[in-house]
Each structure stands twice: as structure tokens, then as C-alpha cells.
Amino acid sequence: MVETTGGEPGDGAAEVLDRPLPDGVRRRVVQIVSDGFGGLTVGELPAQLRQYARFAPNRRAKFAGNAMAAALETDPLFRQRIGEKFREAQPELSGALDSGSPPPAADPLDVAAAAYVLRPTGWVKLVTAAGEEAQRADAERAGEESRAELERLREELDRARGQTRSETERLRGELDSARKEADSLHRKLRAALSDVKRGEAALRKLHAEMETVRAEGQAQVSAAESESRRLKARLGEAESALEATRRAAREGRSVEDMRVRLLLDTLLDATQGLRRELALPPVSVRPAQTVDAVEPGRMTPKDIATRALSENDPAILDQLLALPQAHLVVDGYNVTKTGYPQMPLEKQRLRLLGQLSQLAAQTGAEVTCVFDGAELAAPVLLAPPRGVRVLFSKPGITADEVIRQLVRAEPPGRPVIVASTDREVADGVAGAGARPVASAVLLKRLS
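Residues numbered from 1 in each chain as written. Predicted model: local features only at pLDDT ≥ 70, side-chain atom pairs only at ≥ 80, totals over all residues. Heavy atoms only, no water.

### A closer look at the overall build of the protein
A tally of regular secondary structure across the protein gives 14 helices and 5 strands. Counting every position in the protein, which comprises 447 residues, the buried fraction comes to 29%. Within the protein, contacts between residues separated by at least 24 positions form 59% of all contacts whose residues are at least 6 apart in sequence. When the accessible surface of the protein is totalled, it reaches about 28900 Å², and 54% of it is carbon and sulfur. (Helix = DSSP H or I, 4+ residues; strand = E, 2+ residues; numbered from the N terminus. Buried < 20%, exposed > 50% of the residue type's maximum accessible area, 1.4 Å probe, protein only. Contact = heavy atoms within 4.5 Å. Areas by Shrake-Rupley, 256 points an atom, 1.4 Å probe, with all protein chains shown as cover.)

### Structural notes on the pairing of strand S4 (residues 416-419)
Along a regular strand, successive side chains alternate from one face of the sheet to the other. Of the two faces of S4, the one lined by Val416 and Val418 and the one lined by Ile417 and Ala419 are each fully buried. Examined bridge by bridge, S4 and strand S5 (residues 435-437) share 3 bridges and lie parallel to one another. Following the sheet pairing, isoleucine 417 is matched in S5 by arginine 435. Note that the unit made of S4, helix H13 (residues 423-431) and S5 has a crossover that is right-handed. (Pairing = 2+ DSSP bridges. Right-handed = clockwise from strand over helix to strand, strands pointing away.)

### Remarks on the environment of alanine 241
Within the secondary structure, alanine 241 is located in helix H7 (residues 123-250). Taking the C-alpha atoms as reference points, alanine 241 and glutamine 405, separated by 164 residues in sequence, lie 9.4 Å from one another.

### Let's talk about the side chain of aspartate 372
Its place among the elements puts aspartate 372 in the loop between strand S2 (366-371) and strand S3 (388-392). No salt bridge is formed by the buried aspartate 372. Its closest oppositely charged neighbour is lysine 337, at 7.6 Å. Side-chain polar atoms of aspartate 372 contact the side chain of serine 393, separated by 3.2 Å. In this view, aspartate 372 contacts Tyr333, Ser393, Ile397, Thr398 and Ala399; residues no more than four positions away in its chain are not counted. (Lys, Arg positive; Asp, Glu negative; His and termini not counted. Salt bridge = Lys/Arg side-chain N within 4 Å of Asp/Glu carboxyl O. Polar contact = N/O pair within 3.5 Å; in protein donor to acceptor, adjacent residues only side chain to side chain.)

### With respect to the packing of aromatic side chains
Scanning the entire structure with this criterion turns up 2 aromatic pairs. Ring pairs connect the aromatic residues Tyr333, Phe371 and Phe392, which therefore count as one cluster. Positioned over the ring face of tyrosine 333 is lysine 337, at 5.5 Å from the centre of the ring. (Phe/Tyr/Trp six-rings, centres within 6.5 Å; stacked < 30°, edge-to-face > 60°. Lys NZ or Arg CZ within 6 Å of the ring centre and 35° of its normal.)

### Considerations on the sheet that holds S3
The 5 strands lie next to each other as S3-S2-S1-S4-S5, forming an open sheet whose pairing is parallel. The outermost strands of the open sheet, each flanked by one partner alone, are S3 and S5. Between one strand and the next, the sheet's axes are offset by a mean angle of 20°, whatever the strand orientation. Where strand S1 (residues 327-331) meets S2, 5 bridges bridge the pair, whose relative direction is parallel. In the strand pairing of S2, leucine 328 is matched with valine 367. Docked against the sheet, helix H10 (residues 332-339) engages S1, S2, S3 and S4, running at close to 65° with respect to S1. (Axes fitted to C-alpha atoms, helices over the stretch in contact; angles between N-to-C directions.)

### Brief notes about the pairing of S2
Counting buried residues in S2 gives 5 out of 6 residues, a clear majority hidden from the surface. With 5 bridges connecting them, S2 and S3 associate as parallel partners. What sits directly across from valine 370, in S3, is leucine 391.

### A look at helix H14 (residues 439-446)
Taking burial as the measure, the 8 residues of H14 include 6 buried ones, the bulk of the element. Among the residues of H14, those classed as buried are Ser439, Val441, Leu442, Leu443, Arg445 and Leu446. Close packing links the buried residues of H14 with helix H9 (315-321), S1, H10, helix H11 (345-363), S4 and S5.

### Brief notes about the nonpolar core
By size, the foremost hydrophobic cluster in this structure holds 34 residues, and its most contacted members are Val29, Leu72, Phe78 and Ile82. Put simply, the parts of the chain that give this core at least two residues each are helix H1 (23-37), helix H3 (65-74), helix H4 (76-89), helix H5 (91-99), helix H6 (108-118) and H7. With 9 residues, H6 is the single largest residue contributor to this core. Not counting residues within four places of it along the chain, the set of residues in contact with isoleucine 82 comprises Ile32, Val33, Gly36, Phe37, Leu40, Leu72 and Val117. Formed by 29 residues, the second largest nonpolar core is a distinct cluster that contains Leu323, Leu328, Leu352 and Leu353. (Core = buried A, V, L, I, M, F, W, Y, C linked by side-chain atoms within 4.5 Å.)

### Concerning the pattern of salt bridges
Two side chains that carry opposite charge are able to pair once their charged atoms sit near each other. Applying the stated rule across the entire model yields 18 salt bridges. Across the salt bridge formed by arginine 230 and glutamate 227, the nearest N and O atoms sit 2.3 Å from each other. Here the residue arginine 230 and the residue glutamate 227 both occupy positions in helix H7, the gap between them amounting to 3 residues, near one helical turn. The salt bridge involving aspartate 427 is made with arginine 423; its shortest N-O contact spans 3.4 Å. With aspartate 427 and arginine 423 both in helix H13 and 4 residues apart, the pair spans about one turn of that helix. Its relative accessible area of 58% is what places arginine 423 among the exposed residues.

### Brief notes about H13
Val425, Ala426 and Val429 are the residues of H13 that are buried. With its buried residues spanning 100° around the axis, H13 presents them on a single face. Seen from the buried face of H13, the exposed residues on the opposite side, beyond 90 degrees, are Arg423, Glu424 and Gly431. Packed against the buried residues of H13 are helix H12 (399-409), S4 and S5. One side-chain oxygen of the residue at the start of H13 lies 3.0 Å from the amide nitrogen of glutamate 424, identifying that residue as aspartate 422. Looking at the residues trailing H13, positive phi occurs at glycine 433, about 100°. (Arc of directions from axis to C-beta.)

### Focus on the side chain of serine 439
Turning to its location among the elements, serine 439 is positioned in helix H14. Here the side chain of serine 439 touches threonine 421 through a polar contact of 3.0 Å, side chain to side chain. Each residue touching serine 439, except ones within four places of it in the same chain, is listed here: Asn334, Val335, Thr338, Ala419, Ser420 and Thr421.

Now the structure itself:
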């Protein structure tokens, strides 16, 4: 479709192309502009094209193609100058276009590009015809290429069919061989499956027997470990007793002599305390005069609870420690971790031992503090405070076991008080005749 806007009828400058410029024609137009570009001065170029003035024609066509096409379309003066340069370079083609009879032998794309630049009368038809001719040529080339490709594919198909036939024959032979081999393998597999089933049954039976043996073995191991721990404990006690015996023998007396002497001292102190408490005068009372008297009962650590004191009252500890030859055994870490667990172990020990030293000085009782040696990362360099015996358990032995050994080492009848919140320790020492006291009661007394 050709429209005319202004100017005289038939004027090519008034014609307008109503479709996009064909690609082939556009490339030729850009080449014409690039060739004529170099013949113009910088002042004759549009502002947007002046930056490409020093480019070579090929680089100019590559980098400024869109800008040159746009300037040629929108700037009539620039198009006129490019047309003049083209007329100088192609006078024959330019003259033929001006006369309205382009050369029949000329390339339609060249004719259309020249007509687009020069804008003679009917240039739109030339451009349109060139685009259609280019499309037909492209279609013919595509058809030729398609026919050639089709012939090539037919030849490849024939070759592939021949190869497929030969491959099929070969595969059929291999398939027959594979079938025969598969039949043989199936027979072997069935035999193997039968063997596997028999083996699985035997394996299940063996597993059951192994589980039974393992359970019996674990029970025997557990019993042996329990017996071993018991024997180790007995051995430890025997070693401790042997060491104590040897030490006593070296000092010229036996353990039994020491226990009897300690019990005798306890009885003497108790007698003197009873004499002081009853305010007995010198021996002036005759046996006949005491027949109707009520003999006061012997006070033991278990009788202290009958004095209407609470088990949590620190005064009960004072009464116990006031007994003759009283021995206070303290479960060290049990007391410190009850009273001040946030402190480091070293400071816990120092604080407790300082307070126990004051308690020993106040009451005159024997005080032994036992710490668990498993809590130590290195040997403790500690000077025991005055009046306090400090013991650490050996490797493999807990402080609880050392406390029980201390209680069993005392003669029956001596007041022994054990400060610990551990229920197992309390029950154990109570069965051995000692008086358990909660750690909180000792902490209240110390504070």
C-alpha cells in the first residue's frame, strides 16, 4: 500500500512503506550508508552519527547500523547527501531508477536498497517486490536444501535398514543362546534357592542358640561382676584392716587394744559426766539406800531424739557432740554441695574445713572429714586444720565406703555421728550403730 502526503502526485518522497523493511534490503541500505558516510564531513552528519565518523566502513556498519538506518529514515537532508554519494558511485543504476526502468540483470536487493535511498517514483513497489523476490529465493533455497536433506535421510534410512536387518539376525542368534543359558541358570537358581532356604533355617536356629548362650553369658558376667565388686570391697576392707593392724603393731599395740582403750576412755568420761550431772557427793551412799532409787538410763546417741528437739534443730548436734568421746564423721562434698555448690571444689573444701576446725575447738569432739578422691584432677596439697582429720578415698573406692569403714572401725558403744544427706550412707551407718545427721543440720550449726 502506498500513501502520498504533501508534494506533487507521483513524487517518490511522499510515498510511505507500510511494512517493515526486508532484512536483506536493510543490510544493503546500511552498507550504502556506511560507504557514503566517509565522504561526508562531520558537520554534514547527524549529531547521533558523528561519533562513528572515524570508524572503518565494516565496523561502522556493524556498530552503527541501527543508528544509520534510523537517521536515513528520519533525516531527509542526510538521506539526500547519502543519495548524492550513491549517484556518484553508481551512476548507471541511479539513472535507471530515475528513468523508472531498473536493469533486469541487477540484484533485486541492490535495486530495492538504491530505490529506498534515492526515493524515485514507485520506490515502495521496488522495495516490496525485492522483499517478495528475496522471500521466494529463500523459499527456493530452503526447498532445495530440504530436498537434498530428504535424499540424504533416505540414503541413511536405507543404510540403517540394512544394518538393522543384519543386527536383528545377530541379535536373534544371541537371543537363542541367551534363552538356553537362562534356562540353565533358572535350573541352577532353583537349586541354589533350595540350598539358601535350608541355610536360612539352619542360620535362624543357630541365631536362636546364640541368643540363648549370649543371655546366659550376660547373666553369668553380671553375676561375676557383682561378685567381683563385692570381693574387691571385701579385699579393700581386709587390706585396710591389715594396714591398720600393721600400723598398730608397729606402735606396740593391737587394734583390739586400741578399741578397748577407747571404749574404756568413753566409759570413764561418761561416768565422770554422769557424776557431774547428778552432783553425786563422795562415796557415802550404801547399797541398801539405793534399792528404791531409779537408776538413770545410759544415754546413747539414739536417746537424744527423746528430748523434744526437731531432727532439723542444730541443737541436737550440740547434744550429740557433748557426749563423751564423740566422733563426728563428715561426708565432705555432700555437705559442701548442699550448702554452697556454686563455689569451686578447692574453696568448698577450705571453707568447710575452717568451719569444722572451729566446731572441734568448741566441742572437743573428734572430727573426721572424708572427701571423694574421684573428684580430684591432681593431688591435693592441703594442710589439715587443727582438730580435723582429712581423708580422701582411694581410686576405685567412694567416700561413702570410707565412711562406712570408719564407722565399723569404732568399738560398739562409742558415740559416732555421721553428717550426710545420702540416704544409702545414712541407712548403712545407722545399721552399724552410728547416728546419722542431715547435712543441712550441720550447715546450720556451722553458720
